[in-house]
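# Inside the fold
This is what each chain is made of:
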Amino acid sequence: MEKRLLIVDGLNLIRRLYAALESEQDVVRRIERTQSISIDALVKLIQQFSPSHMVVVFDSSGKTWRHTLYPEYKLGRVPMDDALLDSLNGFAKVFRYNGIHCLRLVGWEADDVIATLAFKSAKQGVKSYIVSTDKGFTQLLDNESILQYDYFAKLGYDKVWVPGKYGVEACMLTNYWALVGDTTNRVPGVKGIGPKTALSVMEKHGTIEEIYNHLEDYSARIQSLLSGGYEQCLLSRQLVTLRVDVNVGVRLSQLTYFP
């Protein structure tokens with residue numbers, strides 16, 4: 001049997017299911033219904049992907065290395081409802097009761113933990129399916145053993161899909177986002193450079209280093225936009241790049257799913 005690791009971005013799934021129940025006025029009832037629907041969603045995913053290994057990854061509370069590096073990271077995001085935040089341990093208990101492993105590492109975003117699990121599993125020849133709507137995971141799709149699935153849109157994403165969506169290969173996305181920025185996480189890009197301009201810039205030179213080493217190859221207008229932005233681009237690229245070297249402390253065998 002082919003080994004398959006199903007990795008679910010816990011908060012990404014739960015928050016959307018919780019938001020869909022906004023008409024429910026009873027907070028306790030809303031949480032209970034969200035837990036029930038979350039289990040239903042996980043069961044559907046298990047039936048669809050038939051994983052040999054599975055884990056739901058949660059964000060840790062508090063700041064991470066990205067906040068230390070850039071205090072404005074995610075500043076201004078709509079905070080999670082207190083009721084939902086306080087109930088997350090309850091979600092993990094319910095998931096574990098149903099035989100689903102859960103993982104949360106203090107000081108780390110779920111994104112980095114998920115990326116590390118997928119990357120390390122791919123090195124072992126295990127195909128990973130990341131269930132999340134977060135566009136940040138598309139940078140991992142250059143590895144053909146890593147795929148992404150949007151549970152809500154019922155769409156799967158792979159290496160071939162990325163250029164059609166962004167205009168660049170998956171391996172070049174972090175350079176692209178360094179130029180255009182990532183508004184979702186409050187990561188700045190270069191002022192005046194949008195998606196179309198970024199693609200035209202990257203047609204000549206792909207990486208931030210190459211672009212700034214060959215500024216003379218660009219028009220006066222582009223040079224003016226890029227001027228003085230090198231360090232900011234490097235910082236932005238670092239912020240949007242997912243870590244694949246997290247000391248997860250869990251072996252793949254410990255994530256075996258038993259139907």
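You'll find the structure just up there.
A brief look at the structure comes next. (Residues numbered from 1 in each chain as written. Predicted model: local features only at pLDDT ≥ 70, side-chain atom pairs only at ≥ 80, totals over all residues. Heavy atoms only, no water.)

### Some remarks on the pairing of strand 5 (residues 146-150)
Applicable threshold: Relative accessibility thresholds used throughout: buried, under 20% of the residue-type maximum; exposed, over 50%; partly exposed, between the two (1.4 Å probe, protein chains only). Here a helix means four or more residues in a row that DSSP labels H or I, a strand means two or more in a row labelled E, and each is numbered from the N terminus. We treat two strands as partners when DSSP finds at least two bridges between them.
A large share of strand 5 lies buried, amounting to 5 of its 5 residues. Alternating residues of strand 5 divide into Ile-146, Gln-148 and Asp-150 and Leu-147 and Tyr-149, and every residue in both groups is buried. Pairing analysis gives 3 bridges linking strand 5 to strand 6 (residues 155-157), with the strands arranged antiparallel. In the strand pairing of strand 6, Asp-150 is matched with Leu-155. Between the antiparallel neighbours strand 5 and strand 6 lie 4 residues, among them Lys-154 with a positive phi of about 55°.

### A few points about helix 12 (residues 230-240)
Here is the rule we go by: We call two residues in contact when some of their heavy atoms are within 4.5 Å.
Here helix 12 has its buried residues at Cys-233, Leu-235, Ser-236, Arg-237, Leu-239 and Val-240. Contacts made by the buried residues of helix 12 are with helix 3 (65-69), helix 8 (173-180) and helix 10 (208-213).

### A word on the packing of aromatic side chains
Note the threshold: Here is the rule: rings of Phe, Tyr and Trp (six-membered ring for Trp) pair when centre to centre is within 6.5 Å. Planes less than 30 degrees apart are stacked, more than 60 are edge-to-face, and the remainder are tilted.
By the definition in use, this model includes 10 aromatic pairs. On the basis of an interplanar angle of 85° and a centroid distance of 5.4 Å, the ring pair of Tyr-151 and Phe-152 is categorised as edge-to-face. For Phe-152, a relative accessible area of 35% puts it in the partly exposed group. Measuring from centroid to centroid gives 4.2 Å for Tyr-157 and Trp-161, while their planes differ by 35°, and the two rings are tilted. Given a relative accessible area of 14%, Tyr-157 falls into the buried group.

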